[in-house]
Amino acid sequence: MHDTDFSKRQLIKQEAKKLFFRFGLSKTSMDDIARECQLAKPTLYYYFPSKEAIFNEIVVEEATQFMNSVEKQVPTELGSDDKIILFFRALYRDLKIYAEKLTILPSSLYDNYPHGGPIVKKINELLREKLRPLLEEGKRKNILELEDLETTLSALILMTDFLNLKWMQYSPEE
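In this report, the structure presented in the accompanying data block is examined. (Residues numbered from 1 in each chain as written. Predicted model: local features only at pLDDT ≥ 70, side-chain atom pairs only at ≥ 80, totals over all residues. Heavy atoms only, no water.)

Quick word on the packing of helix 1 (residues 3-23) against helix 4 (residues 51-72)
Helix 4 packs onto helix 1 with a crossing angle of 95° between their chain directions and a minimal axis gap of 10 Å. Judged by the inter-axis angle, helix 1 sits roughly perpendicular to helix 4. Judged by residue contacts, Arg9, Gln10, Ile12, Lys13, Ala16, Lys17 and Phe20 of helix 1 engage Lys51, Ile54, Phe55, Glu57, Ile58, Glu61 and Glu62 from helix 4. Looking at the contact of helix 1 with helix 4, its residues break down into six nonpolar, one polar and seven charged. (Axes fitted to C-alpha atoms, helices over the stretch in contact; angles between N-to-C directions. Helix = DSSP H or I, 4+ residues; strand = E, 2+ residues; numbered from the N terminus. Parallel < 35°, antiparallel > 145°, perpendicular 65-115°, else oblique. Contact = heavy atoms within 4.5 Å. Nonpolar A, V, L, I, M, F, W, Y, C, P; charged D, E, K, R; others polar.)

Observations regarding the side chain of threonine 28
Tracing the sequence through the fold places threonine 28 in the loop between helix 1 and helix 2 (30-37). Within the structure, the side chain of threonine 28 is placed 3.4 Å from the backbone oxygen of leucine 19, a separation counted as a polar contact. Beyond its immediate sequence surroundings of up to four residues, threonine 28 is in contact with Leu19, Phe20, Phe23, Ile33 and Lys51. (Polar contact = N/O pair within 3.5 Å; in protein donor to acceptor, adjacent residues only side chain to side chain.)

Details of the packing of helix 1 against helix 2
Two packed helices can be described by the angle between their axes and the distance between those axes. Axis separation between helix 1 and helix 2 bottoms out at 9 Å; the angle between their running directions is 120°. Classified by the angle between their axes, helix 1 and helix 2 sit oblique to one another. Where helix 1 crosses over helix 2, the two elements pack in a sense that is right-handed. On helix 2, the residues touching Leu11, Ile12, Glu15, Ala16, Leu19 and Phe20 of helix 1 are Asp32, Ile33, Glu36 and Cys37. Partitioning the contact of helix 1 with helix 2 into residue classes produces seven nonpolar, no polar and three charged. (Left-handed = near helix turned anticlockwise from the far one by under 90°.)

Some details on the environment of valine 70
Residue placement: valine 70 occurs in helix 4. Taking the relative accessible area as the measure of exposure, valine 70 reaches 0% and is therefore buried. With residues near it in sequence (within four places) discarded, valine 70 still touches Phe87, Ala90, Leu91 and Asp94. (Buried < 20%, exposed > 50% of the residue type's maximum accessible area, 1.4 Å probe, protein only.)

So, the nonpolar core
Grouped together as the largest cluster of nonpolar side chains are 21 residues, with contacts concentrated most on Phe87, Leu91, Leu127, Leu131 and Leu135. For this core, the elements supplying multiple residues, two or more each, are helix 4, helix 5 (80-102), helix 6 (116-140) and helix 7 (149-159). Beyond its immediate sequence surroundings of up to four residues, leucine 131 is in contact with Phe87, Phe88, Leu153 and Leu156. Ranked by size, the runner-up nonpolar core spans 16 residues in total, among them Met30, Ile33, Tyr47 and Ile54. (Core = buried A, V, L, I, M, F, W, Y, C linked by side-chain atoms within 4.5 Å.)

Some details on the packing of aromatic side chains
A full pass over the atoms with the stated rule returns three aromatic pairs. Taking the centre distance of 5.3 Å and the plane angle of 75° together, the rings of phenylalanine 20 and phenylalanine 55 count as edge-to-face. Of this pair, phenylalanine 20 sits in helix 1 while phenylalanine 55 sits in helix 4, and the two are 35 residues apart along the sequence. For phenylalanine 55, a relative accessible area of 9% puts it in the buried group. Directly above the aromatic system of phenylalanine 48 lies the positively charged group of arginine 9, at a separation of 4.2 Å from the ring centroid. (Phe/Tyr/Trp six-rings, centres within 6.5 Å; stacked < 30°, edge-to-face > 60°. Lys NZ or Arg CZ within 6 Å of the ring centre and 35° of its normal.)

Okay, here's the thing in structure tokens:
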């Protein structure tokens with residue numbers, strides 16, 4: 001991808017994100033995004049097949065930045081078991097902060113979003129990607145007894161499903 005292509009993709013996502021936050025996904029059109037970017041609509045379609053594709057890419061980038069931020073909070077010199085504990089503490093704490101920030105966004109931003117399943121799947125893949133090395137290290141160093149790494153990863157990811165936005169936004173800290 002050329003620098004110009006990268007710059008245009010970034011511009012499109014930047015302007016689309018502003019529109020999505022202001023009006024929501026359903027009330028934002030490709031015409032609106034093209035107008036804000038000062039690009040012809042066919043140019044927009046050259047980079048993205050739909051507004052949902054733009055939205056998905058924005059969400060995945062945000063999730064990747066979020067997971068990287070959580071991962072950076074875990075000191076590398078600790079044992080695997082402590083790393084896993086700190087990873088989940090940082091994940092919980094940062095999700096709580098993120099959920100509180102989302103309360104200011106219009107519910108139309110993501111309500112009834114038909115493509116939510118693939119996004120959740122991608123976010124779970126990111127979580128799996130961050131947890132796998134911690135579990136592998138623990139198993140290698142005989143700190144963790146894991147018969148089936150994939151099952152353990154799936155169970156941990158399934159357990160994070162309770163961290164849904166509504167609960168995170170409104171549950172008091174303990």
